[in-house]
Amino acid sequence: MNAVRQERVEWELALVQRASRGDVRAFERLYRDNAGTVFGLCLRLTRHRANAEDCTQETFIQAWRSLQKFESRSAFGTWLHRIAVNVVLSRRRSARSIEPGAPAGISQGSGEPSAEPVVFDTPVEEAELERAIEALPDGARDVLVLSGIYGYKHAEVAEMLGVAEGTCKAQLHRARALLQARLRQENSP
């Protein structure tokens, strides 16, 4: 870890320690430093701005209440991401219990994904890619966002989502294939 990164980690840990002792200003700083990435994650997982805003707020409420439990084995941002994923999944489950017949979240699958990144035949615009990601089924999108975009390892994603690691790998493989097909379809004459 380079010196600048190490200083950042130590500074963040000091903020977390101050916040866990009730220092609201330290927590506000943690919020300002992390709210954008938490919101981005929630937006990608929920696909709705208002829901993402609610999930972001709930993530920080839960983080404030649970600061005593933060063990600094991972970065504070990683810990927040795990809380955010849990908040999104909990809201998704609640919505499904209210709406019978809604599609299931993460399906069980099998197969090993390619370790290769998705390579597109033609240049892809960022907005086009975001629309294609947004159109993915929940399970495939969740794994793609966490693994492919945020860089979590399969084991970490599987733990966050409460699925087997093999299911996580299969969902990532499925997401890549669906993305590739959708982008080819949109770019075909």
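Residues numbered from 1 in each chain as written. Predicted model: local features only at pLDDT ≥ 70, side-chain atom pairs only at ≥ 80, totals over all residues. Heavy atoms only, no water.

### Here we look at the state of the cysteines
Okay, so step 1: One pass over the full model with this rule turns up 0 disulfides.
Okay, so step 2: No disulfide involves Cys55; its sulfur sits 5.1 Å from that of Cys42, the nearest cysteine.
Okay, so step 3: Residue classification places Cys55 among the buried positions, given a relative accessible area of 1%. (Disulfide = S-S within 2.5 Å. Buried < 20%, exposed > 50% of the residue type's maximum accessible area, 1.4 Å probe, protein only.)

### Quick look at the packing of helix α6 (residues 138-149) against helix α7 (residues 154-161)
Okay, so step 1: Packing of α6 against α7 brings their axes to within 10 Å, and their N-to-C directions diverge by 135 degrees. Judged on the interaxial angle alone, α7 and α6 are oblique. Here α6 runs over α7; the crossing is right-handed. In this structure, α6 uses Asp142, Val143, Leu146 and Ser147 to contact α7, whose residues at the interface are His154, Val157, Met160 and Leu161.
Okay, so step 2: Looking at the contact of α6 with α7 residue by residue, the class counts come to 5 nonpolar, 2 polar and 1 charged. (Axes fitted to C-alpha atoms, helices over the stretch in contact; angles between N-to-C directions. Helix = DSSP H or I, 4+ residues; strand = E, 2+ residues; numbered from the N terminus. Parallel < 35°, antiparallel > 145°, perpendicular 65-115°, else oblique. Left-handed = near helix turned anticlockwise from the far one by under 90°. Contact = heavy atoms within 4.5 Å. Nonpolar A, V, L, I, M, F, W, Y, C, P; charged D, E, K, R; others polar.)

### Observations concerning the pattern of salt bridges
Okay, so step 1: Counting across every chain of the model gives 12 salt bridges.
Okay, so step 2: In this structure, Glu130 engages Arg44 in a salt bridge whose closest nitrogen and oxygen atoms are separated by 2.5 Å. Placement of Glu130 in helix α5 (residues 126-134) and of Arg44 in helix α2 (residues 24-46) is noted, with a sequence separation of 86 residues between them.
Okay, so step 3: When its relative accessible area of 26% is taken as the criterion, Glu130 is described as partly exposed.
Okay, so step 4: Within the structure, one salt-bridge network assembled from shared partners comprises Arg47, Arg92, Asp138, Arg141 and Asp142. (Salt bridge = Lys/Arg side-chain N within 4 Å of Asp/Glu carboxyl O.)

### With respect to the packing of α2 against helix α3 (residues 49-66)
Okay, so step 1: Between α2 and α3, the least distance of the axes is 8 Å, while the angle of their chain directions is 140 degrees. Comparing their axes, α3 and α2 come out oblique. Here the hand of the crossing between α2 and α3 comes out right-handed. Along the contact surface, α2 presents Val24, Phe27, Leu30, Tyr31, Asn34, Ala35, Val38, Phe39, Cys42, Leu43 and Thr46, while α3 presents Arg49, Asn51, Ala52, Glu53, Cys55, Thr56, Thr59, Phe60, Ala63 and Trp64.
Okay, so step 2: The residue inventory of the contact of α2 with α3, partitioned by class, reads 14 nonpolar, 5 polar and 2 charged.

### Thoughts on unusual backbone geometry
Okay, so step 1: Here the phi dihedral of Arg47 falls at roughly 70 degrees; this positive angle occurs in a residue that is not glycine.
Okay, so step 2: Following the sequence through the fold, Arg47 ends up in the loop between α2 and α3.
Okay, so step 3: Despite not being glycine, Ser72 has its phi angle at roughly 60 degrees, a positive value.
Okay, so step 4: A residue is classified by how much of its surface remains accessible, and Ser72, at 39% relative accessible area, is partly exposed.

### Thoughts on the packing of aromatic side chains
Okay, so step 1: Scanning the entire structure with this criterion turns up 6 aromatic pairs.
Okay, so step 2: Summarising the aromatic geometry, the rings of Phe27 and Phe60 are spaced 6.3 Å apart at their centres and angled 75 degrees between planes, so their arrangement reads as edge-to-face. Within this pair, whereas Phe27 is found in helix α2, its partner Phe60 is found in helix α3, the two being separated by 33 residues in sequence. With respect to class, Phe27 is no different from Phe60; both count as buried.
Okay, so step 3: Pairwise contacts between aromatic rings join Phe27, Tyr31, Phe60 and Trp64 into one cluster. (Phe/Tyr/Trp six-rings, centres within 6.5 Å; stacked < 30°, edge-to-face > 60°.)

### Regarding the nonpolar core
The nonpolar side chains of a soluble globular protein tend to be buried with one another.
Okay, so step 1: Core analysis: the biggest nonpolar cluster contains 46 residues, and Phe76, Val85, Leu146 and Leu161 have the highest contact counts within it.
Okay, so step 2: Contributions of two or more residues to this core are made by α1 (3-20), α2, α3, α4 (76-98), α5, α6, α7 and α8 (165-187).
Okay, so step 3: Once you skip the residues sitting within four places of it in the chain, Phe76 turns out to touch Glu12, Val16, Leu30, Asn34, Leu67 and Phe70. (Core = buried A, V, L, I, M, F, W, Y, C linked by side-chain atoms within 4.5 Å.)

### Focus: the confidence of the model for the protein
Okay, so step 1: Per-chain confidence: the protein averages 83 in pLDDT, with 84% of residues scoring 70 or above.
Okay, so step 2: Mean pLDDT across the elements of the protein bottoms out in α5 (84) and peaks in α3 (96).
Okay, so step 3: The model gives residues 99-121 a pLDDT under 50, and that stretch makes 36 contacts with residues more than four places away or in other chains. (pLDDT = per-residue confidence, 0-100.)

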